[in-house]
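Below, each chain spelled out in residue letters.
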Amino acid sequence: MWARLGAAGRGGNSSALALLISPGADPATDSRTGVSVDHSVLGLLVWALIADTTYHLHAAYSWVMFVSIFLWIVTVLFFMTYLLQLQLKFYVIPWPLVLMIFNAAATILYVTAFVTCAAAVQPTSWRQWDYNRRAAASFFACLTMITYGASTFFSFRAWKGLGSNAATSQVTDHM
C-alpha cells in the first residue's frame, strides 16, 4: 500500500488520502467519511460552545460535556480506524454491527444530552453570552443527534446487506 502512495493511483486519482482510505473508494463520495466528519465537527461545536460558558455551575451541562467529549473521541477513533484501514486487519470483528451499535448508543446519548441542554437554557441568565452559547449548543446537539440517527439507519442497512433480498440477487437474464 505504501509503495502506491507516490503513484498516480487507479483511474488517474493522485490523492494519497484516496489510497489510504480504500484502494477503490473516492473519499469525496464515500458516505462513511462524510458522516464521520459531520459527527466530529458538530460534536466539537457542542463541546466548544458549552466549554466556553460557566458550565461547572450547572450539573446538567456537565452531562452534556461528558456525552459530547466521549462520543467525539470515540468517533475520531472510529474515523482513524477507517482512514488507516485497520478494519481490514481485524477482519474477525463484525464492523457493520459494531458501527450500528455505536451509532444507536450515540443517538440515545445525544437525545439525553440535547434534552438536558435545551431544558437547562434559561433566557434570564445573568450573562447574556452564556445564554446565546447554550442555545447554540442545544441547536448543534440536536443536529448531532439527527446525524447519529441517520448513521444508525445507514449502519443498519449496511449490516442487513443494503436492502437486497434473495429474489433480486438471483435474477438472471435468460434471453
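Rules used in this analysis
- Residues numbered from 1 in each chain as written.
- Predicted model: local features only at pLDDT ≥ 70, side-chain atom pairs only at ≥ 80, totals over all residues.
- Heavy atoms only, no water.
- Helix = DSSP H or I, 4+ residues; strand = E, 2+ residues; numbered from the N terminus.
- Buried < 20%, exposed > 50% of the residue type's maximum accessible area, 1.4 Å probe, protein only.
- Contact = heavy atoms within 4.5 Å.
- UniProt positions renumbered as here; feature names shortened; annotations may be inferred.
- Expected span 1.5 Å × (residues − 1).
- Salt bridge = Lys/Arg side-chain N within 4 Å of Asp/Glu carboxyl O.

A. Geometry of the overall build of the protein chain. Check the secondary structure of the protein chain and you find 7 helices and 0 strands. Reading the protein chain from its N end, one meets helices and strands in the order α-α-α-α-α-α-α. Out of the 175 residues in the protein chain, the part that is buried amounts to 33%. Restricting the contact set of the protein chain to residue pairs at least 6 apart, pairs at least 24 apart contribute 70%.

B. Layout of the UniProt feature "transmembrane region" (unreviewed entry) in the protein chain. Mapped onto the present numbering, the UniProt feature "transmembrane region" (unreviewed entry) falls on residues 60-84, 96-121 and 136-156. Secondary structure across residues 60-84 divides into 96% helix and 0% strand, with the first and last C-alpha atoms of the span separated by 36 Å. Within residues 96-121, the helical portion is 96% and the strand portion 0%, while the C-alpha atoms at the span's ends are 37 Å from each other.

C. Layout of helix α5 (residues 95-120). For α5, with 26 residues, the first-to-last C-alpha span of 37 Å sits near the 38 Å given by 1.5 Å per residue. Buried residues of α5: W95, M100, F102, N103, A106, T107, Y110, A113, C117 and A120, and no others.

D. Main features of the pattern of salt bridges. In this structure the tally under the stated criterion is 1 salt bridge. Of the charged contacts, one joins D52 and R133 as a salt bridge, the two residues approaching to 3.0 Å between their closest N and O atoms. Here R133 lies in helix α6 (residues 128-160) and D52 lies in the loop between α2 (31-51) and α3 (59-83), a separation of 81 residues in the sequence. Given the relative accessible area of 27%, R133 is considered partly exposed.

E. View of the side chain of N103. By the element assignment, N103 lies in helix α5. For N103, the contacting residues outside a window of four places in its chain are H39, Y148, S151, T152 and S155.

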